[in-house]
Amino acid sequence: MSKLLLYSEVATNSQKALFNLNEKFSKILVGIDGSKPSMDAVDYAITLAQKINAQLITLYATSSPVGNDYTSDTPEDQIPGTATEFVYWAKEESRPWFAEIDDKVKASANAATAKENTGETVRAIIQLKTLIIVSPLSVIGSIIGYAERENIDLIVVGTRGKSGFKRLLLGSIASGVVTHAHCPVLVVK
């Protein structure tokens, strides 16, 4: 059982009021790379976003030698030819991950709706945004920069991503995000 769910089940109403998650975390950012730890982080973020009615942003950031930052929201005619391949590759690579996340959000909403029909009060709708950033910055820099620009309240990351350095307790991306983030970071193991 996750610590987040355990807190939710054990905390009294006065404790929940003291640590008002609804006001504290209205925008949750999850960094993904398709790895199991990053998708586990997505699961935690979906649960939290649903419980506190927060917006959920899933972000795939990749570093490349392009001159500027380009996102999946950047119109194609504004991406120079040299960066087009990198943006296309990032979109293709992340497409199955974002589809899986979309399915998880829909399943979570359906489960919550079923609970509502039994009389339990649960928010079923999660406002989900998916985004890709292709940047000359490091992945850490891209995540931190986006979080600061968009006033993210909480960043959720997995312990290790695709780097494969299993001997490390905390992955280099997670460690960098924890070190440099302007907001709280939840690391999911």
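Residues numbered from 1 in each chain as written. Predicted model: local features only at pLDDT ≥ 70, side-chain atom pairs only at ≥ 80, totals over all residues. Heavy atoms only, no water.

For the pair helix H6 (residues 139–149) and helix H7 (residues 172–180), the least separation of the axes is 9 Å and the interaxial angle reads 40 degrees. Seen along the crossing, H6 lies across H7 with a hand that is right-handed. Here H6 contributes Val 139, Ile 140, Ile 143, Ile 144 and Glu 148 to the contact with H7, which in turn contributes Ser 172, Ile 173, Gly 176, Val 177 and His 180. Residues of the contact of H6 with H7, tallied by class, amount to six nonpolar, three polar and one charged. (Axes fitted to C-alpha atoms, helices over the stretch in contact; angles between N-to-C directions. Helix = DSSP H or I, 4+ residues; strand = E, 2+ residues; numbered from the N terminus. Left-handed = near helix turned anticlockwise from the far one by under 90°. Contact = heavy atoms within 4.5 Å. Nonpolar A, V, L, I, M, F, W, Y, C, P; charged D, E, K, R; others polar.)

Backbone geometry at Asn 53 places phi at a positive 60 degrees, although glycine is not the residue there. Inspection of the secondary structure puts Asn 53 in the loop between helix H4 (36–52) and strand E2 (55–63). Taking relative accessible area as the criterion, Asn 53 reaches 45% and is therefore assigned partly exposed. A positive phi is found at Asn 151, a non-glycine position, where the angle reads about 55 degrees. Examined against the element boundaries, Asn 151 turns out to sit in the loop between H6 and strand E5 (154–158). Relative accessible area serves as the criterion here: at 54%, Asn 151 is assigned to the exposed category. (Buried < 20%, exposed > 50% of the residue type's maximum accessible area, 1.4 Å probe, protein only.)

Right, let's get into the environment of Pro 136. Following the sequence through the fold, Pro 136 ends up in the loop between strand E4 (128–135) and H6. Overall, the relative accessible area of 39% leaves Pro 136 in the partly exposed class. Taking C-alpha positions, Pro 136 is 6.5 Å from Asn 68, a pair spaced 68 residues apart along the chain. Residues contacting Pro 136, with those up to four places away along its chain left out, are Ser 63, Ser 64, Val 66, Gly 67, Asn 68 and Asp 69.

Another point: the side chain of Ser 38. As for its position among the elements, Ser 38 is in helix H4. Classification of Ser 38 by relative accessible area gives buried; the value is 4%.

The next point concerns the nonpolar core. Core analysis: the biggest nonpolar cluster contains 31 residues, and Ile 28, Val 30, Ile 32, Leu 56 and Val 156 have the highest contact counts within it. Put simply, the parts of the chain that give this core at least two residues each are strand E1 (27–31), H4, E2, helix H5 (81–117), E4 and E5. Examining the composition of this core, we find that eight residues originate from one element, H4, more than from any other. Look past the residues within four positions of Ile 28 in its chain and what remains in contact with it is Ala 45, Leu 48, Ala 49, Ile 52, Ala 54, Gln 55, Leu 56, Ile 57, Ile 152, Leu 154 and Val 156. Formed by 17 residues, the second largest nonpolar core is a distinct cluster that contains Leu 131, Ile 133, Val 157 and Val 177. (Core = buried A, V, L, I, M, F, W, Y, C linked by side-chain atoms within 4.5 Å.)

The next subject is the side chain of Thr 71. Here Thr 71 shows up in strand E3 (residues 70–71). Among the polar contacts made by the side chain of Thr 71, one reaches the main-chain amide nitrogen of Asp 73 at a distance of 3.0 Å. (Polar contact = N/O pair within 3.5 Å; in protein donor to acceptor, adjacent residues only side chain to side chain.)

Right, let's get into the pattern of salt bridges. Overall, the coordinates contain five salt bridges when judged by the stated rule. Of the charged contacts in the structure, one is a salt bridge between Asp 40 and Lys 36, with a shortest N-O distance of 3.1 Å. Linking Asp 40 with Lys 36, this pair stays in helix H4, spanning four residues, or about one helical turn. In this structure, the salt-bridge partner of Glu 92 is Arg 95, at a minimum N-O distance of 2.3 Å. Linking Glu 92 with Arg 95, this pair stays in helix H5, spanning three residues, or about one helical turn. Judged by its relative accessible area of 49%, Arg 95 falls in the partly exposed class. Because the salt bridges share partners, they merge into one network encompassing Asp 43, Glu 100 and Lys 104. (Salt bridge = Lys/Arg side-chain N within 4 Å of Asp/Glu carboxyl O.)

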